[in-house]
Amino acid sequence: EAGVVQSPRYKIIEKKQPVAFWCNPISGHNTLYWYLQNLGQGPELLIRYENEEAVDDSQLPKDRFSAERLKGVDSTLKIQPAELGDSAVYLCASSLDGHGEQYFGPGTRLTVT
Amino acid sequence: DQQVKQNSPSLSVQEGRISILNCDYTNSMFDYFLWYKKYPAEGPTFLISISSIKDKNEDGRFTVFLNKSAKHLSLHIVPSQPGDSAVYFCAASARGNQFYFGTGTSLTVIP
């Protein structure tokens, strides 16, 4: 069974530019998560989807971050415009029903210069 | 406010010995706990979990212990193997809601 797929794996952009990350969860997993991981820290939740509904986006900086999960499968996370402090690893995870273990993708390492 | 804490950033253990990784939490509502293992340039991989109705869960070489009164859990790996060298994160949630992760402990198993 294929795991969580994320692309791109690495992205380097200049500040003020837009950037988008894509995630394809494990087939059949209803819950999808986007996390931010800074160096030396644990993952921090940005947004959680149950199917296509964002059920927890309280920690998503909505002035510059947006996300969507059309049709309740793939998801895209966008930053516009990017700032230097956005440099981090962006992790996508999925779980069957939002209550058990989460399965993570490899992450996208973003560098903003 | 860090609700899940891993106070040891790193740990070195000789191959074959026991590795003990510790995790403390502050929220008494947490009822489900997980451990993840992370290799460089990869996402975290689920290792083992425990519900608050148990105080121990074992899976092969990995055992997680939960002390609810102390708000403390630990992961025991025995015997430790070089392939266990990775960063280990503990995570906790309350009633299936948001998971909070610790900052991780980097384990090095010395051959």
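Residues numbered from 1 in each chain as written. Chains lettered and ligands numbered in written order. Predicted model: local features only at pLDDT ≥ 70, side-chain atom pairs only at ≥ 80, totals over all residues. Heavy atoms only, no water.

(A) Just a nonpolar patch on the surface, in detail. Residues and elements named next belong to chain B. A cluster of nonpolar side chains, I18, I20 and V78, forms an exposed patch at the surface whose accessible area comes to about 230 Å². Here I20 lies in strand β3 (residues 19-25). Given the relative accessible area of 38%, I20 is considered partly exposed. (Patch = residues over 30% accessible without salt bridge, like charges linked within 9 Å, V, L, I, M, F, W, Y side chains within 5 Å. Areas by Shrake-Rupley, 256 points an atom, 1.4 Å probe, with all protein chains shown as cover. Salt bridge = Lys/Arg side-chain N within 4 Å of Asp/Glu carboxyl O. Helix = DSSP H or I, 4+ residues; strand = E, 2+ residues; numbered from the N terminus. Buried < 20%, exposed > 50% of the residue type's maximum accessible area, 1.4 Å probe, protein only.)

(B) Local environment of the side chain of S52(B). Residues and elements named next belong to chain B. With respect to the helices and strands, S52 occurs in the loop between β5 (45-51) and β6 (56-59). Residue classification places S52 among the buried positions, given a relative accessible area of 18%. Not counting the four nearest positions on each side in its chain, S52 is found in contact with F30, D31, L66 and K68. (Contact = heavy atoms within 4.5 Å.)

(C) Representation of the sheet that holds strand β1 (residues 5-7) of chain A within the structure. Residue and element names in this part refer to chain A. Pairing in this open sheet of four strands is antiparallel, and the strands run β1-β3-β8-β7 from one edge to the other. Edge positions in the open sheet fall to β1 and β7 (65-68), since each of these has one partner strand only. On average, each strand axis in the sheet is inclined to that of its neighbour by 15°, with strand direction left out of account. By the bridge criterion, five bridges tie strand β3 (residues 19-24) to strand β8 (residues 75-79) in an arrangement that is antiparallel. (Pairing = 2+ DSSP bridges. Axes fitted to C-alpha atoms, helices over the stretch in contact; angles between N-to-C directions.)

(D) Region of the structure containing the packing of aromatic side chains. For the structure on display, the rule yields 13 aromatic pairs over all chains. The structure contains a cluster of three or more aromatic residues connected by ring pairs, namely Y33(A), Y35(A), F104(A), Y36(B), F46(B) and F101(B). (Phe/Tyr/Trp six-rings, centres within 6.5 Å; stacked < 30°, edge-to-face > 60°.)

(E) Expanded view of the environment of I110(B). Residue and element names in this part refer to chain B. Following the sequence through the fold, I110 ends up in strand β11 (residues 105-110). For I110, a relative accessible area of 35% translates into the label partly exposed. Considered as a pair, I110 and Q81 are 29 residues apart in the sequence and their alpha carbons are 8.1 Å apart. Excluding residues that lie within four positions of it along the chain, I110 makes contacts with S12, V13, Q14 and E15.

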